[in-house]
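So you can see what is in the structure, the chains are spelled out below.
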Amino acid sequence: HSDAAELFDPEKLPGFHDPFAGGGALPLEAQRLGLESYASDLNPVAVLINKAMIEIPPKFAGKSPVNPEAQEEGGEMFGRDWVGAQGLAEDVRYYGNWMRDEAEKRIGHLYPKVEVTAEMAEERPDLKQYVGEELTVIAWLWARTVKSPNPAFADVEVPLVSNFMLSTKKGKEAYVEPDVEGNGYRFSVKVGVPDDLDKAKAGTTAGKRAAFKCLMSGVAVSYEHIRAEGKAGRMNAKLMAVVAEGVRGRVYLSPTAEIEMVAREAVPEWAPDLALPVNPRDFKTPNYGLDSFGDLFTDRQLVALTTFSDLVGEARQRVEEDAIKAGLSDDNTPLRDGGTGATAYAEVIAVYLAFAVSKMSNIGSAATSWMNDRGAFRETFARQAIPMVWDFAESNTFADVGGGFLAALERGVDVIEFLPAQGVGTSLQMDASSQSLSATRLVSTDPPYYDNIGYADLSDFFYVWLRRSLAGQFPELFATLAVPKAEELVATPYRHGGKEGAEGFFLNGMTKAMGQLATLAHQAFPTTIYYAFKQSETNEADGTTNTGWDTFLAAVIEAGFSLTGTWPMRTEGTGRMIGQGTNALASSIVLVCRPRLVEAEVATRRQFVSALKDELPEALVHLQRGNIAPVDLAQASIGPGMAIYTRYAKVLDADGEELSVRAALALINQVLDETLAEQEGDLDPDSRWAVVWFEEYGFEVGDFGAANQLAQSKNTSVEGVVQAGVLRSSAGKVRLLRPSELADDWDPHADGRLTVWESVHYLIKALDAGGEASAGELVNKLGATAELARELAYRLYVICERKGWAAEALAYNGLVQSWPELVQLAAQPIVVEGQQTMEVGNG
């Protein structure tokens, strides 16, 4: 824009604003870069997180801690320089430890240690080293129970167990063995590998017949029976095992009546009675009678969380008294009114302590499970949903590891110490579709992904505890009993009368929000929007599109934006539960937007397609050279494709009707597929044959006749492909060899019929069997062929994605994602029989 330069002062960095601030990653990094950072969100939990990261630390940066230990003359901390938020962090640590110690005085009797007796060691020789010792419990492992559907055992509460294995670590295996005795049963813990490992791993599940089976009689226990028992209030829990802290790791112990009795002594004075939403996609527990947020916790967990929540207020009073003694002003001005004295400082410490309690609740619920491969808790929110957990793990809030309060506290302190604590930061509760700003700012945001995550519903899990601790400090922020939901820009069908209503709500709201951004964004800078939502819907007529993408893009375009660029950014963690073993997106796609030019021309569909075919191949090569993961390629291609679409005022089809965003996305994906197919022209004839055959048959068997006919069209022969070492032909049938079936001693230098196809699959074999070092050595040997192999991996991934071949897709995606490391390793010296040699290929 011609007036953009006039709006930009080169002597001053622009202000930054994220209207969908969420967890605050973008505002935090903007502040770290030196920009004035403004965060806003409708969700009060998000607002509080941003206050804790960008608003509070600068106000108290460089301050000494006020706790008595830090103020004690001659002490280790007295007189030292406190940089940034280090003083804050030290006070959070001190008063958090005080909370922990005070809580243990009040409720520590509910968390006793376990004494290892001689009698226990007689049954378990591995326990002899602990005889006479009292071990700290890390977790109590419970199994939910219902009355048996078998009339003969109608009084028996049978366990619903998904897995009896406690530890699957090699050499440290442990498991629960149920012992049936007359009309009852008991659990005992054994060490070693069970005789029937598969049976132990299956617990009491019933496979396809039903949900579970009765431990006493083997009768099927259906989901209908479990739901009826749960809704009638007859679902209980029985202790299966105890996990204690040993000298060299976890110690698994059998439960006792005394240990279980202590847990049942807990009587909570309060529980969050907020009803869980009727949202069957994300909340499974209401199906089984667990209808409120309070139902997601055991009585002992509720006692612990309410005790710690109340101690936040007591700690706040102690901080204020100590702050006055340390010299902070006693002005009684709260933080929300701009206070920086003792009252405000005490409230600041309370915020961080409340977050520690909130963090503790994530592992301190009955929706937490035990990961037997790691010997650790799987938190409630391992994914963005609250599932029904049948055998759950109850943490010890006073243990120094796992789900204890101190573990949660220290993780928070580690973050606080390294917060930027500089410049200006502001966090406000505002609706993105109607907010207004006092000045234009650089805008970058990560908006909701259509119906992907129900943030407001899920946030209530934490909101109920934060509200109990902090409602007095932030009366406006915690004015409602639950997180506001009516205005939340998420396409939630149950809230908007079905799928169509949800889509309309999302489109209208997002259009308004994007319109506000277009109005408020600084014209000297583009608006950047992160979007990590995967295209997945395939329709034979329309091609591959996705309602989440086309609805979001329609809102962006309707708001007056055009897309001028795009690039994937690695934002999604590899450890996400939703990403493990799946083709989940590795990146967010950053859309670079500017207001659309007023003089934009109208184009026909033919012009649009012609422009796509001219420009998209070059953009695709650029993306591939940037080593974008195949799983992200279709997403990233939306950017250059929509940049073409949005450069026009509108695109008209043959009937003169405006081409929809959905139709444009389908055309972009079509041209993308054609472009990848055209890249096959660089392949050798055998590889071209293999690609076409793979698209039809994968690694399954096909007829020789069809294979021979295809080979003739590709200027090769079936016998030639067999000689290339990638095909097996016998009795009129042919089949491509899987990577695991390829020769172990293959050397591309000695291969008289080297193909790109076999290069890809030998690389996958090497990566799987020998890791990146082995695959890197092979990249070195392949030289220039290696780059062709990488390009082919993209094409094969797209085929697998379309066909739904998940395992194969993961292999091709993994190869490309590892490529930078493989190339680096390929250039390093190779050690052969004790001698170093240097082999540098062309890859």
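Residues numbered from 1 in each chain as written. Predicted model: local features only at pLDDT ≥ 70, side-chain atom pairs only at ≥ 80, totals over all residues. Heavy atoms only, no water.

## So, the overall build of the protein chain
When you go through the protein chain residue by residue, the secondary structure sums to 25 helices and 30 strands. Here the C-alpha atoms of the protein chain give a radius of gyration of 31 Å, agreeing with the 28 Å that 2.2 N^0.38 yields for 843 residues. Each principal axis of the C-alpha distribution contributes one length, and for the protein chain these read about 80 × 75 × 65 Å. When contacts within the protein chain are restricted to residue pairs at least 6 apart in sequence, long-range pairs at least 24 apart make up 70% of them. Put simply, the protein chain shows about 37,000 Å² of open surface, and 49% of that area lies on carbon and sulfur atoms. Charge separation in the protein chain, taken as the distance between the mean sites of 76 positive and 118 negative side-chain charges, equals 4 Å. (Helix = DSSP H or I, 4+ residues; strand = E, 2+ residues; numbered from the N terminus. Rg over C-alpha atoms; globule rule 2.2 N^0.38 Å. Contact = heavy atoms within 4.5 Å. Areas by Shrake-Rupley, 256 points an atom, 1.4 Å probe, with all protein chains shown as cover. Lys, Arg positive; Asp, Glu negative; His and termini not counted. Charge placed at Lys NZ, Arg CZ, Asp CG, Glu CD.)

## Quick word on the packing of helix H3 (residues 44-59) against helix H13 (residues 455-470)
Where H3 meets H13, the closest approach of the two axes is 9 Å, and the angle between their N-to-C directions is 60 degrees. For the pair H3 and H13, the sense of crossing is left-handed. Along its contact with H3, which presents Pro44, Val45 and Leu48, the element H13 presents Ser459, Tyr463, Leu466 and Leu470. Split by residue class, the contact of H3 with H13 holds six nonpolar, one polar and no charged. (Axes fitted to C-alpha atoms, helices over the stretch in contact; angles between N-to-C directions. Left-handed = near helix turned anticlockwise from the far one by under 90°. Nonpolar A, V, L, I, M, F, W, Y, C, P; charged D, E, K, R; others polar.)

## Here we look at the environment of isoleucine 628
Relative to the helices and strands, isoleucine 628 resides in the loop between helix H16 (605-625) and helix H17 (630-646). For isoleucine 628, a relative accessible area of 4% corresponds to the buried category. (Buried < 20%, exposed > 50% of the residue type's maximum accessible area, 1.4 Å probe, protein only.)

## Topic: H16
With 21 residues, H16 extends 30 Å from end C-alpha to end C-alpha; this agrees with the ideal 30 Å at 1.5 Å per step. Where H16 bends most, the angle comes to about 35 degrees, and this point is glutamate 615, followed within four residues by the proline proline 617. Here H16 has its buried residues at Phe608, Val609, Ala611, Leu612, Leu616, Leu620, Leu623 and Gln624. Where H16 is buried, its residues meet strand S22 (561-569), strand S24 (602-604), H17, strand S25 (650-652), helix H18 (661-678) and helix H23 (785-803). (Expected span 1.5 Å × (residues − 1). Bend = angle between axes of the 7 residues up to and from the residue.)

## A short note on the sheet that holds strand S8 (residues 174-181)
One open sheet holds the three strands; their spatial order is S7-S8-S9, and the pairing between them is antiparallel. The open sheet is flanked by strand S7 (165-167) and strand S9 (184-191), the only strands paired with a single partner. Ignoring which end each strand starts from, the neighbouring axes of this sheet average 30 degrees apart. (Pairing = 2+ DSSP bridges.)

## So, the confidence of the model for the protein chain
Scored by pLDDT, the protein chain has a mean of 88; 92% of the residues are at 70 or more. Under a pLDDT of 50 for its full length, residues 535-546 has, in the predicted model, 30 contacts with residues more than four places off or in other chains. Segment residues 831-843 is flagged for pLDDT under 50; beyond a separation of four residues in sequence, or across chains, it makes 21 contacts in the model. (pLDDT = per-residue confidence, 0-100.)

## Description of the nonpolar core
In terms of nonpolar packing, the biggest core is built from 102 residues, with Phe552, Phe608, Met642, Trp689 and Trp757 touching the most fellow members. A per-element tally of this core places helix H22 (residues 756-782) first, with 11 residues. One finds Ala52, Val389, Phe405 and Leu466 within the second-largest nonpolar core, a separate group that totals 94 residues. (Core = buried A, V, L, I, M, F, W, Y, C linked by side-chain atoms within 4.5 Å.)

## Structural notes on the environment of valine 191
Examined against the element boundaries, valine 191 turns out to sit in strand S9. For valine 191, a relative accessible area of 41% translates into the label partly exposed. Sequence spacing of valine 191 and leucine 253 is 62 residues, and the spatial spacing of their C-alpha atoms is 9.6 Å. Not counting residues up to four positions away in its chain, the partners in contact with valine 191 are Arg124, Asp126, Glu173, Ala174 and Tyr175.

## Quick notes on the packing of H3 against helix H11 (residues 342-363)
At a closest axis distance of 11 Å, the pairing of H3 and H11 adopts a crossing angle of 140 degrees. Viewed along their axes, H3 and H11 adopt a mutual orientation that is oblique. As for the relative orientation of H3 and H11, their crossing is left-handed in sense. Judged by residue contacts, Leu48, Ile49, Ala52, Ile56 and Pro57 of H3 engage Val348, Val351, Tyr352 and Phe355 from H11. Classifying every residue of the contact of H3 with H11 gives nine nonpolar, no polar and no charged. (Parallel < 35°, antiparallel > 145°, perpendicular 65-115°, else oblique.)

## A word on the packing of aromatic side chains
Scanning all chains against the criterion turns up 26 aromatic pairs. Measuring from centroid to centroid gives 5.0 Å for tyrosine 288 and tryptophan 390, while their planes differ by 80 degrees, and the two rings are edge-to-face. Remark: tryptophan 390 occurs in the loop between strand S15 (376-378) and strand S16 (391-395) and tyrosine 288 occurs in the loop between helix H9 (257-264) and helix H10 (299-325); sequence separation between them is 102 residues. Given the relative accessible area of 12%, tryptophan 390 is considered buried. With centroids separated by 5.1 Å and ring planes inclined at 80 degrees, the aromatic side chains of phenylalanine 461 and phenylalanine 462 adopt a geometry described as edge-to-face. When its relative accessible area of 0% is taken as the criterion, phenylalanine 461 is described as buried. (Phe/Tyr/Trp six-rings, centres within 6.5 Å; stacked < 30°, edge-to-face > 60°.)

## Concerning the side chain of serine 358
Examined against the element boundaries, serine 358 turns out to sit in helix H11. Setting aside chain neighbours within four positions, we find serine 358 in contact with Phe462 and Leu466.

## Details of unusual backbone geometry
The phi torsion at asparagine 332 lies on the positive side, around 60 degrees, for a residue other than glycine. Note on placement: asparagine 332 falls in the loop between H10 and H11. For asparagine 332, a relative accessible area of 53% corresponds to the exposed category. Of note in the backbone geometry, alanine 731 takes a positive phi value of approximately 55 degrees without being a glycine. Mapping alanine 731 onto the fold places it in the loop between strand S27 (727-730) and strand S28 (733-736).

## Describing the sheet that holds S27
Taken together, the three strands give an open sheet; going across it, the order is S26-S28-S27, and neighbouring strands pair in antiparallel fashion. Strands with a single pairing partner mark the edges of an open sheet, and in this sheet they are strand S26 (702-703) and S27. Packed on one face of the sheet, helix H19 (residues 685-697) meets S26, S27 and S28 and runs near 100 degrees to S28.

## Overview of the side chain of arginine 100
Relative to the helices and strands, arginine 100 is located in helix H5 (residues 86-107). For arginine 100, a relative accessible area of 11% corresponds to the buried category. Once residues within four sequence positions are removed from consideration, arginine 100 is found in contact with Phe308, Phe398, Asp400, Phe405 and Leu406.

## Some remarks on the pairing of strand S18 (residues 442-445)
Burial along S18 is two-sided: the face carrying Leu442 and Ser444 and the face carrying Val443 and Thr445 are both buried. One ladder, built from two bridges, connects strand S1 (residues 16-18) with S18; its direction is parallel. For phenylalanine 16, the partnering residue across the bridge sits in S18 and is leucine 442. Direction of pairing for S18 relative to strand S19 (residues 527-531): parallel, over a ladder of two bridges. In the strand pairing of S19, threonine 445 is matched with isoleucine 529.

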